[in-house]
Amino acid sequence: MDRLAAMETFVRVVETGSFSSAARQLRVGQPAVSKSVAQLEEYLGVKLLTRSTRGLSPTEAGIGYLERARRALEEAAQAELAARGAGLKGRLRVCAAVTFARIHLIPTLPKFLAQNPDLELEVILDDRQIDLVQEGIDVALRMGRMLDSTLTARRVARCKRLVLGTPTYFDRAGTPATPSELVRHQAVIYLREGSVWSFQRESTELAVTVQGRLRVTAAEGVRAAVLADAGIAVASEWMFSPELRSGAVRAVLSDWSLPALDLWAVLPTGRAATAKARAFVDFFERTLNA
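No experiment lies behind these values; they were computed from the predicted model shown.

Focus on the nonpolar core
Inference 1: Of all hydrophobic cores here, the largest spans 25 residues; its most connected members are Leu 105, Val 139, Leu 141, Trp 238, Leu 263, Phe 280 and Phe 284.
Inference 2: Counting residues per element, the ones that place at least two in this core are strand 3 (89-96), helix 5 (98-105), helix 6 (109-115), strand 5 (139-143), strand 6 (152-159), strand 14 (261-267) and helix 10 (275-289).
Inference 3: Ranked by the residues each element gives to this core, the list is headed by helix 10, at 5 residues.
Inference 4: Aside from chain neighbours lying at most four places away, what touches Leu 141 is Cys 95, Ala 96, Ala 97, Phe 100, Leu 105, Leu 263, Trp 264, Ala 265, Phe 280 and Phe 284.
Inference 5: Core analysis: the next-biggest nonpolar cluster, separate from the first, contains 18 residues, Leu 49, Leu 56, Tyr 65 and Ala 69 among them.

This is the structure we're talking about:
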């Protein structure tokens, strides 16, 4: 049995959902596909697929093997390309928060793709921390503290967090001179951040519970509300970098600091970084910090 060929056959069967579809993609007969999977199951000593009226689906053992088989096939392909002196090839799946990706990630991708003409990118935009293995993500860009110590993560950037508002809002409501004055302002509360804002200046620490009639679950909504003059918000420089440059939004209380925000490149648990993932992270880290 050719183990690498059997791996590829198994992956194709799972991805297409049937032996016949996999056979068409591999340009072999359906009996050859069935035999290859059966030999692989016999070699491993486990059942990889279950059959039902809905078609084929991987068993629990099959799900675990599927991810590692994909990695093995990808690494084999990259090894061949490296030996030939070729560049990155295949598909890379990247996940990032919607607003951050729209402002900072997506505009950089044409350059990355131009440097790697045989590479395809799938960008999954989601503010949630999705399951990277289940969703087949190669690398995720995540912000904040890394609470899960089992994840493979690399910090690629750090950003200040600011109290922000539009000039129109501050003309109407006044400009706070101290954190304690924030209680008299309308806050746009990002539910992931909460309504308690913690400030520090030298050895002084101060926590302020802000008031707000507008609470939003996504960063894009916070941006829209602030730009509509609805109130002030705590946000990273990344979230409002175009408006901070143009003056459409300005920061206040600049002599006080809020906890910085870290950006991490995260790999699925137990997975070694592929050449594609490493190249992408290196490229984006250089670009963002330039």
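Looking at a nonpolar patch on the surface
Inference 1: On the surface, a nonpolar cluster with roughly 360 Å² of combined accessible area is contributed by Met 1, Tyr 43, Leu 44 and Val 46.
Inference 2: With respect to the helices and strands, the residue Tyr 43 is situated in helix 3 (residues 30-44).
Inference 3: Since its relative accessible area comes to 49%, Tyr 43 is described here as partly exposed.

Observations regarding the sheet that holds strand 3
Inference 1: Taken in spatial order, the 5 strands line up as 4-3-5-14-6 in an open sheet, and their pairing is mixed. In this open sheet, the two strands that pair with only one neighbour each are strand 4 (118-125) and strand 6. The average angle at which neighbouring strand axes cross in this sheet is 20°, direction not considered.
Inference 2: Judged from the 8 bridges that link them, strand 3 and strand 4 form a sheet pairing that is parallel. Following the sheet pairing, Arg 91 is matched in strand 4 by Glu 120.
Inference 3: Contacts between helix 5 and the sheet are confined to strand 3, strand 4, strand 5 and strand 14, with strand 3 contributing the most and set at about 125° to the helix.
Inference 4: Relative to strand 6, helix 10 is tilted by about 10°, and along the sheet it contacts strand 3, strand 4, strand 5, strand 6 and strand 14.

Description of the packing of helix 5 against helix 8 (residues 219-227)
Inference 1: The interhelical angle for the contact between helix 5 and helix 8, taken along N-to-C directions, is 75°, at an axis separation of 7 Å. Between helix 5 and helix 8, the angle is such that the two are roughly perpendicular. Contacts from Thr 99, Arg 102 and Ile 103 of helix 5 reach helix 8 at Ala 219, Glu 220 and Arg 223.
Inference 2: Each residue belonging to the contact of helix 5 with helix 8 can be placed in one class, and the counts come to 2 nonpolar, 1 polar and 3 charged.

Examining the sheet that holds strand 13 (residues 250-252)
Inference 1: Read across the sheet, 3 strands follow the order 12-7-13 without closing on themselves; strand pairing throughout is antiparallel. The sheet terminates laterally at strand 12 (233-236) and strand 13, the two strands that pair on one side only. When the angles between neighbouring strand axes are averaged without regard to direction, this sheet yields 60°.
Inference 2: Looking at chain direction, strand 7 (residues 161-165) and strand 13 are connected through 3 bridges and run antiparallel. Counted as the bridge partner of Leu 164 is Ala 251 from strand 13.

A short note on unusual backbone geometry
Inference 1: Located in the positive-phi region is Arg 27, a residue other than glycine, with phi close to 60°.
Inference 2: Its location among the elements puts Arg 27 in the loop between helix 2 (19-26) and helix 3.
Inference 3: Residue Arg 27 is classed as exposed on the basis of its relative accessible area, which comes to 79%.

Regarding the packing of helix 2 against helix 3
A pair of packed helices is captured by two measures, namely the crossing angle of their axes and the spacing between those axes.
Inference 1: Between helix 2 and helix 3, whose axes approach to 8 Å, the crossing angle comes to 110°. One way to sum up the angle between helix 2 and helix 3 is to call them roughly perpendicular. Of the residues in helix 3, those touching helix 2 at Phe 19, Ser 20, Ala 22, Ala 23 and Leu 26 are Gln 30, Val 33, Ser 34 and Val 37.
Inference 2: When its residues are assigned to classes, the contact of helix 2 with helix 3 shows 6 nonpolar, 3 polar and no charged.

Definitions and cut-offs
Residues numbered from 1 in each chain as written. Predicted model: local features only at pLDDT ≥ 70, side-chain atom pairs only at ≥ 80, totals over all residues. Heavy atoms only, no water. Core = buried A, V, L, I, M, F, W, Y, C linked by side-chain atoms within 4.5 Å. Buried < 20%, exposed > 50% of the residue type's maximum accessible area, 1.4 Å probe, protein only. Helix = DSSP H or I, 4+ residues; strand = E, 2+ residues; numbered from the N terminus. Contact = heavy atoms within 4.5 Å. Patch = residues over 30% accessible without salt bridge, like charges linked within 9 Å, V, L, I, M, F, W, Y side chains within 5 Å. Areas by Shrake-Rupley, 256 points an atom, 1.4 Å probe, with all protein chains shown as cover. Salt bridge = Lys/Arg side-chain N within 4 Å of Asp/Glu carboxyl O. Pairing = 2+ DSSP bridges. Axes fitted to C-alpha atoms, helices over the stretch in contact; angles between N-to-C directions. Parallel < 35°, antiparallel > 145°, perpendicular 65-115°, else oblique. Nonpolar A, V, L, I, M, F, W, Y, C, P; charged D, E, K, R; others polar.

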